[in-house]
Amino acid sequence: MSIKTFDYLKSLPEIEHKILDAISRVLHSNQLILGPETDLFEQKFAQYVGAKHCIGVTSGTTALHLSLLALGIGAGDEVITVSNTCTPTIAAIRLCGANPVFIDISDDDLMMDITQLKMNINERTRCILPVHLWGSCVNMSAILETAKAHNLAVIEDCAQACGTTYRNQHVGTYGDTGCFSFYPTKNLGAYGDAGAIVTNDDQLASRLRMMRTYGYDTSAVSQIEGMNARISEIQSAILHIKLQVFDQWLERRLGVSKIYNQGISNHLISSPQLPQDCVPSYHQYVIRCKYRDELMDWLQSNNIAFGIHYPVPVHLMPAYSSLVSKPLKLPITEQSCNEILSLPIHEALTSEEAKSVVGTLNQFNI
Ligand SMILES: Cc1ncc(COP(=O)(O)O)c(C=O)c1O
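Along each chain, residues carry numbers from 1 onward, in the same order as the chain's sequence is written. The predicted origin of the model limits local features to residues at a pLDDT of at least 70 and limits the giving and counting of side-chain atom pairs to 80 or more, whereas totals for whole chains, interfaces and linings rest on all residues. Water and hydrogen atoms play no part in the side-chain values, which are based on all heavy atoms of the structure.

Only DSSP runs of H or I reaching four residues or more are called helices, and only runs of E reaching two or more are called strands; each is numbered from the N terminus. With respect to the helices and strands, Thr333 occurs in helix α11 (residues 331–339). Here a residue-residue contact requires only that any non-hydrogen atoms of the pair lie within 4.5 Å. Not counting residues within four places of it along the chain, the set of residues in contact with Thr333 comprises Ser83, Asn84, Ile103, Asp104, Ile105 and Pro313.

What follows is about the site of the ligand. By nearness alone, 15 residues border the ligand, and Gly60, Thr61, Asp157, Ser181 and Lys186 come closest of all. Side-chain atoms alone can form a polar contact between residues adjacent in sequence; in general such a contact is a pair of N or O atoms within 3.5 Å, and within protein one must be able to donate a hydrogen while the other accepts it. Between an oxygen atom of the ligand and a side-chain N or O atom of Thr61, the distance comes to 2.5 Å. Accessible surface is estimated by sampling points in the Shrake-Rupley manner with a 1.4 Å probe; for residues, cover comes only from the protein chains shown. In isolation the ligand has 390 Å² of accessible area, and contact with the protein removes 91% of it. Broken down by secondary-structure element, the contributors of at least two residues to the shell around the ligand are α3 (60–70) and α4 (87–95). The biggest single contributor to the shell around the ligand is α3, with three residues. In the shell around the ligand, the residues fall into six nonpolar, seven polar and two charged. The near set for a molecule or strand comprises every residue that places at least one heavy atom within 4 Å of it. Polarity classes work like this: nonpolar for Ala, Val, Leu, Ile, Met, Phe, Trp, Tyr, Cys and Pro, charged for Asp, Glu, Lys and Arg, and polar for all others, with Gly in that last group.

Right, let's get into helix α10 (residues 292–301). Every α-helix carries 3.6 residues per turn, so stepping three or four residues along brings you back to the same face. Residues of α10 that are buried: Arg292, Leu295, Met296 and Leu299. Taken around the axis of α10, the buried residues stretch over an arc of 100°, which confines them to a single face. When the buried face of α10 is taken as reference, the exposed residues oriented beyond 90 degrees from it are Asp293, Asp297 and Ser301. In this structure, the buried side of α10 is in contact with β10 (269–270), β12 (285–289), α11, β13 (340–343) and α12 (351–363). Where α10 ends, the next residue or the one after it, Asn303, has phi of about 60°, a positive value. Three labels apply to residues, based on accessible area from a 1.4 Å probe with only protein chains included: buried if under 20% of the type maximum, exposed if over 50%, partly exposed otherwise in between. The arc in question is formed by the directions pointing from the helix axis toward the C-beta atoms.

Pasting the structure below:
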């Protein structure tokens, strides 16, 4: 038996008829971009997370990039974020000419360290960019309090946290904007690339709507500088169908997480804590192990797939290491990157498969 980390083909039959109908409807509608499917998905997704506006875009990366641009962040500005993230968080900051300031994470939950955040604010700081990695979340109360005290923008990277709540409110609705990715492996995954920005700010929303389509007003005149960052009608239609089963599929993910929480008892393995007041969506189920190489061999020999999110922190990657002027020490980030491992978790993983993963982990020894 081979246990996979991602297997959309397994859950596809549950919604396949609806998906094919939706694709056919769009093909025959004669409107492939910015039509009724996008309007409807945006309305439903905004409703789902409890935001006033949703702007559908091409990807999570463009959601971050456009948010930064729309908030006026550019050359010479500093954006405080973490290095244990997916590269696009940093790519988006660089794409608008700003500089990322990497700070360390807390050893307990492996999310942005608020003390480090406060220590790194200076006159060039314009924005805080917390990353809700793995479906966990950052302490948004502390982020908002700090942002308010220093008049900083807040952009939430929710690419991995669709369905996560903090203090009974969806992540993405705390900051100036919340940026979601619908890359196929995400909790809410399109069948292709897509993303969305949510915001409660009317003016920001209308700016973002114009910016995703060349800065056009309704008469196709560019009133502000923009780009092409439009979600497609086909992906919007697909996402609308998947949103209707989202809570049900999320429940199954949580079911798998419970089997792992209750079953894993190997003293060589631990899990990052969940921040207080966070109800996670378990985009990834992450464990820590000091003997990760041996554990990877063990899982491989038992036909269990796994991921590492992520093996190299961004400040140590060749593309971005030159941005750090002095040798930057992020000891907790660096240590965690050597110890973390993501177990299989998705809506189609059976409890038998999850129990088999637990059994294999509990037999691991060195
Ligand atoms: C934390 C994080 N931020 C941003 C992104 C970018 O999303 P996308 O791949 O849709 O551009 C991802 C996607 O993998 C991500 O995991």
